[in-house]
Amino acid sequence: MSGAIEAELRRETMATVAKPMDNYLEAYGGLRALERREPEWMRNLRDEAWELFREKGFPTTHDEDWRFTSVAALARTPFRRAAASHAAVTAEQIEAYRLTGSACRLVFVNGRFAPGISDARSLPAGLEICSLARALDCGMEGCAPTGIEQQLGGYADVRRDVFVALNTALWEDGAYLRIRRGAAIEQPVHLLYVTADGGAATMIHPRTLVIVEDASQVAVVEDYVSLGEGAAMCNSVTELVAGQDAAVSHYLVERENLASFNLSTLRVELGRGARLASHSMLLGGGLVRNNVHPVLAGEGGECLINGLFVGEGRQHLDNYMLVEHAKPNGSSRQFYNGILDEQAHGVFHGRIVVHPDAQKTDAKQTNRNLLLSDEARIDTKPQLEIHADDVKCTHGATIGQIEEEPLFYLRSRGLDEVAARKLLLYAFAAECLDRMQEAPVRRFAEALTHERLLEVARRARPAATVERQDENARNWEEVG
Amino acid sequence: MALLEIEDLHASVDGHQILKGVNLVLNAGEVHSIMGPNGSGKSTLAQVLARRESYEVTQGRVLYAGKDLLQMKPEEAACEGVFLAFQYPVEIPGIGNAYFLRSAMNAIRKYRGEDELDAMDFLPVFRERLKLLEMDDALMSRSLNEGFSGGEKKRNEILQMAMLEPRLAILDETDSGLDIDALKIVAEGVNALRSSQRAFLVITHYQRLLNYIAPDFVHVLVDGKIVRSGGPELALELEEKGYGWTEAEAQPA
């Protein structure tokens, strides 16, 4: 075989390999062709992010941050932007996803704002909310929200994570919120991201920007749902900027179908004395990567990072926490509870970085897991990087199962096996639910958890069959 | 018809034969006490009757109200009116006492085709029973047995019994770990439930409890078999002489 033919064949092979990425190029081209009214700085951000994504491509399990999570199946699937016609979702179709007691609800269908089924008519004083695309469009009229140029893309780092780069290049819409200085928004804001099955594999890249000004308070619920059983990729990025003494609660509710890939990045910048409560509930999705990245950029910031993940079948639920303490006297608490059945795989990666200036930092992380089958698996990895000398950092992880004794105790009082099992699972999950302060969201979360755990309890096998699960757990790995 | 008929019951735990042919008949309205040395199989008998599935019945039969008890799951036995007050009540963080109790009552009511109780129906009865057992309301909003003292746990078992109103109540060493005041309270709780419709099987190592819950019959269980049966005087005899002589009787001739 001649060298020239060999080279040609190699080129062909490379072309075949490269082909799956063409869908992203097409999406990028399609988006540009829309000629949206966007400020130039945004277009530059997109171009820069696109180049980064093209250069780097998707991560592999050789990448330390992706060691336990393979995105090969995602990379193989030719996701495309949804055609506009798929967005004909009615209010009835999403009625079941209502969050009772919310201040307002913005609905996005396949990544695009759906004003007809949103509800933001009577807003509490101090809350500004609109679609992010519209906020930028206003900018073109010269009435741009002040500072948006510094804030949007100012925190979520396209160089750190290619999914953030991909989102920055391809986002079409999302929510823009500003809470005015000193305002306390008592009811939660509900952002509902709906992926509607359009036949082909759809991708969306929701982008959310939340500005919580000094001494103000708000709770934001990002809720991801699917209509239909089709495969979809939802790659969201939320930047949340909390000013001095602001108090903000953020909820991520992932309840998409099992054919979905959901990647989310929450990047929070906390000012002096600001408080964050981040709550994640991963109940659905086939492959989920939940990145939570707060930076305590002002002195005395406080962070609660709370999460519950429930997986069965072949669900893969990866929680990647990165808490950066940059200033003194900050405290952070991470609590994640996982319930895994069948062949589900959970990951808890808890990284804490204490910068040299962050003396008197108090950081703690706890990851507790219940493995309900021999094949369920959890990888839990604490990673402490401490560059200051006067700090307190602790971490711990546990792995358990449903014990026969409490199960028998409950059954001996008349609860059937499914009810008893569900009650025990719920008790374990309740540790996380109890940390949710906002009553309407708490009730909402409780109802979702009950529903989900009933499914798991119905499926789970008797405790006696669970053996040797220690082999399925890798933990206590000290890194850095 | 007897409420409970145990015939030649053999049972094993983790491959060890513990019960080796127990025979016992209880009628409604009667209080029977089972006494015996440690390791004689008292708790195993209690757990088998409450249908713990990891305890394997290898021989014999048990009729409860004319039905085959050994075919029942634990929840079915409970719904049919069998109640076991545990020797070691389980602590379950995250499940509220009152919530759990109402769930249990409603599971049983549902099984019997009765309407579920709402909080308004439940609370008055609950408060009254709490008072009977001299229990603090505050305990009830806490998690099931979590952080309870030994005595509080045992009282909680009797509280559950008082709420669930079983036909057959099995008390497994409810007296162990109780001081005399708590013992009296527990005994009063039990006595308040004595009725012609209900039978009690009171398992104990010591005669002390029987001063407060007067049994109609006393049985001595040694090495998996009942070796003596008699009236209340048998308990006093055991207290005086210890179990040594019963163990000698249990030796095959």
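For clarity, every value in this text was computed on a predicted model and none was experimentally measured.

Rules used throughout
Residues numbered from 1 in each chain as written. Chains lettered and ligands numbered in written order. Predicted model: local features only at pLDDT ≥ 70, side-chain atom pairs only at ≥ 80, totals over all residues. Heavy atoms only, no water. Helix = DSSP H or I, 4+ residues; strand = E, 2+ residues; numbered from the N terminus. Buried < 20%, exposed > 50% of the residue type's maximum accessible area, 1.4 Å probe, protein only. Contact = heavy atoms within 4.5 Å. Phe/Tyr/Trp six-rings, centres within 6.5 Å; stacked < 30°, edge-to-face > 60°. Pairing = 2+ DSSP bridges. Axes fitted to C-alpha atoms, helices over the stretch in contact; angles between N-to-C directions. Buried area = accessible area lost by both parts, 1.4 Å probe. Salt bridge = Lys/Arg side-chain N within 4 Å of Asp/Glu carboxyl O. Polar contact = N/O pair within 3.5 Å; in protein donor to acceptor, adjacent residues only side chain to side chain. Nonpolar A, V, L, I, M, F, W, Y, C, P; charged D, E, K, R; others polar. Patch = residues over 30% accessible without salt bridge, like charges linked within 9 Å, V, L, I, M, F, W, Y side chains within 5 Å. Areas by Shrake-Rupley, 256 points an atom, 1.4 Å probe, with all protein chains shown as cover. Lys, Arg positive; Asp, Glu negative; His and termini not counted. Charge placed at Lys NZ, Arg CZ, Asp CG, Glu CD. Parallel < 35°, antiparallel > 145°, perpendicular 65-115°, else oblique. Left-handed = near helix turned anticlockwise from the far one by under 90°.

Asker: What am I meant to see in the overall build of chain A here?
Answerer: If you tally the helices and strands in chain A, you get 11 helices and 22 strands. Counting every position in chain A, which comprises 480 residues, the buried fraction comes to 59%. Residue pairs in contact within chain A that sit at least 24 positions apart in sequence constitute 84% of those at least 6 positions apart.

Asker: When you look at the packing of aromatic side chains in this model, what are you seeing that I'm missing?
Answerer: The geometry of an aromatic ring pair comes down to the distance between the two centres and the angle between the two planes. Within the structure shown, the criterion is met by 17 aromatic pairs over all chains. Ring geometry for Trp66(A) against Phe163(A): centres 5.4 Å apart, planes inclined by 40°, an arrangement best described as tilted. Here Phe163(A) lies in helix α8 (residues 162-170) and Trp66(A) lies in the loop between α3 (40-56) and α4 (72-76), a separation of 97 residues in the sequence. When the ring of Phe408(A) is compared with that of Phe86(B), the centres are 5.6 Å apart and the planes differ by 55°; the resulting orientation is tilted.

Asker: Sorry, what's going on with the sheet that holds strand β11 (residues 217-222) of chain B here?
Answerer: All names here are of chain B. Strand order in the open sheet made by the six strands is β6-β9-β10-β3-β11-β12, with mixed pairing throughout. At either end of the open sheet lies a strand with only one pairing partner, and these are β6 (82-85) and β12 (225-230). Adjacent strand axes in the sheet meet at a mean angle of 20°, parallel and antiparallel pairs treated alike. In terms of strand pairing, β11 meets β12 through five bridges, oriented antiparallel. Note that in β12 the partner of Val-220 across the bridge is Arg-228. Along the sheet, helix α6 (residues 150-164) contacts β6, β9 (168-172) and β10 (199-204); its crossing angle with β6, the most-contacted strand, is approximately 165°.

Asker: Explain the interface of chain B and chain A to me, please; I cannot follow it from the model alone.
Answerer: You'll often see interface size given as the accessible area lost when the parts meet. The interface of chain B with chain A comprises 34 residues on the first partner and 17 residues on the second. A combined buried area of about 2000 Å² lies between chain B and chain A, and 65% of that area is made up of carbon and sulfur atoms. Inspection of the chain B/chain A interface yields four salt bridges. One salt bridge connects Glu53(B) with Arg411(A), and the closest N-O pair in it is separated by 3.0 Å. The interface formed by chain B and chain A includes 10 residue pairs in polar contact (both at pLDDT 80 or more). Elements with a minimum of two residues in the side of chain B that touches chain A: α2 (74-79), β6, β7 (92-96), α3 (97-111) and α6 of chain B. Taken together, the residues that form the side of chain B that touches chain A break down as 22 nonpolar, six polar and six charged.

Asker: Looking at this structure, how should I read the sheet that holds strand β9 (residues 217-227) of chain A?
Answerer: The strands making up a sheet are joined through hydrogen bonds of the backbone, oriented either antiparallel or parallel. All names here are of chain A. Sheet architecture is open: 10 strands sit in the order β3-β2-β6-β9-β11-β13-β15-β17-β19-β21, paired in mixed fashion. Edge positions in the sheet fall to β3 (112-113) and β21 (392-400), since each has one partner strand and no second. Sheet topology note: the strand β19 (residues 362-371)/β21 ladder contains nine bridges and is parallel. Each bridged residue has a counterpart across the sheet, and for Gln-365 the counterpart in β21 is His-395. This element, helix α10 (residues 417-433), spans β13 (275-282), β15 (302-311), β17 (331-340) and β19 of the sheet and lies at about 160° to β17.

Asker: For this particular structure, what's the right way to read a negative patch on the surface?
Answerer: Among the surface-exposed residues, Glu134(B), Asp179(B), Asp181(B) and Glu188(B) lie close enough to one another that they form a single negatively charged patch. Tracing the backbone shows Asp179(B) in the loop between β9 and α7 (180-193).

Asker: Is there a simple way to think about the side chain of Ser33(B) in this case?
Answerer: Residues and elements named next belong to chain B. Among the structural elements, Ser-33 can be located in strand β3 (residues 31-35). Look at Ser-33 and you get buried, because its relative accessible area is 0%. Reaching out from Ser-33, the side chain makes a polar contact with the backbone oxygen of Val-202 at a distance of 3.2 Å.

Asker: Can you walk me through the side chain of Thr202(A) in this structure?
Answerer: Residues and elements named next belong to chain A. Within the element layout of this structure, Thr-202 appears in strand β7 (residues 202-204). The class for Thr-202 is buried, based on a relative accessible area of 5%. Apart from the residues within four sequence positions on either side, Thr-202 is in contact with Phe-79, Arg-80, Ala-82, Asn-110, Ala-196, Ala-231, Ala-232 and Met-233.

Asker: Could you clarify how one ought to interpret the pairing of β13(A) in this entry?
Answerer: Along any regular strand, the residues point their side chains to alternate faces of the sheet. Residue and element names in this part refer to chain A. With seven of eight residues buried, β13 is to be regarded as a mostly interior element. As paired elements, strand β11 (residues 247-255) and β13 share eight bridges and run parallel to each other. The residue bridging His-250 from the neighbouring strand is Ser-278, located in β13. The pairing of β13 with β15 spans eight bridges and is parallel. Counted as the bridge partner of Ala-277 is Leu-304 from β15.

Asker: How should unusual backbone geometry be read in this particular structure?
Answerer: For residues that are not glycine, phi is negative in most cases, and the peptide bond is trans in most cases. Residues and elements named next belong to chain B. Phi is positive for Ala-65, close to 50°, though the residue is something other than glycine. Relative to the helices and strands, Ala-65 resides in the loop between β4 (55-64) and β5 (67-68). Residue class for Ala-65 comes out partly exposed when judged on its relative accessible area of 22%. Not every positive phi belongs to a glycine, and Glu-134 is a case in point at roughly 50°.

Asker: What is the right way to look at the packing of α3(A) against α8(A) in this model?
Answerer: When two helices pack together, their arrangement is captured by the angle between the axes and the distance separating the axes. Residue and element names in this part refer to chain A. Two elements in contact, α3 and α8, have axes whose closest approach is 7 Å; the angle formed by their N-to-C orientations is 140°. It follows from the interaxial angle that α3 and α8 lie oblique. The two elements α3 and α8 meet at a crossing, and its hand is left-handed. Between α3, through Met-42, Leu-45, Arg-46, Ala-49, Trp-50, Leu-52, Phe-53 and Lys-56, and α8, the contact on the second element is made entirely by Val-162, Ala-165, Leu-166, Thr-168, Ala-169 and Leu-170.

Asker: What is the right way to read the pairing of strand β2 (residues 16-26) of chain B from this model?
Answerer: Residue and element names in this part refer to chain B. For strand β1 (residues 4-13) and β2, the ladder comprises eight bridges, and the chain directions are antiparallel. Residue pairing across strands places Ile-6 opposite Leu-24, the latter belonging to β2. Linkage of β1 to β2, two consecutive antiparallel strands, is achieved through a turn of two residues, within which Asp-14 is found at a positive phi near 50°.

Asker: Help me understand α8(A) in this model?
Answerer: Residues spaced three or four apart along an α-helix face the same direction, because each turn holds 3.6 residues. Among the nine residues that make up α8(A), nine are buried, leaving the element largely enclosed by the rest of the structure. Here α8(A) starts with a cap whose side-chain oxygen sits 2.8 Å from the backbone nitrogen of Phe163(A), and that cap is Asp161(A).

In short, shape yes, function no, at least from these values alone.
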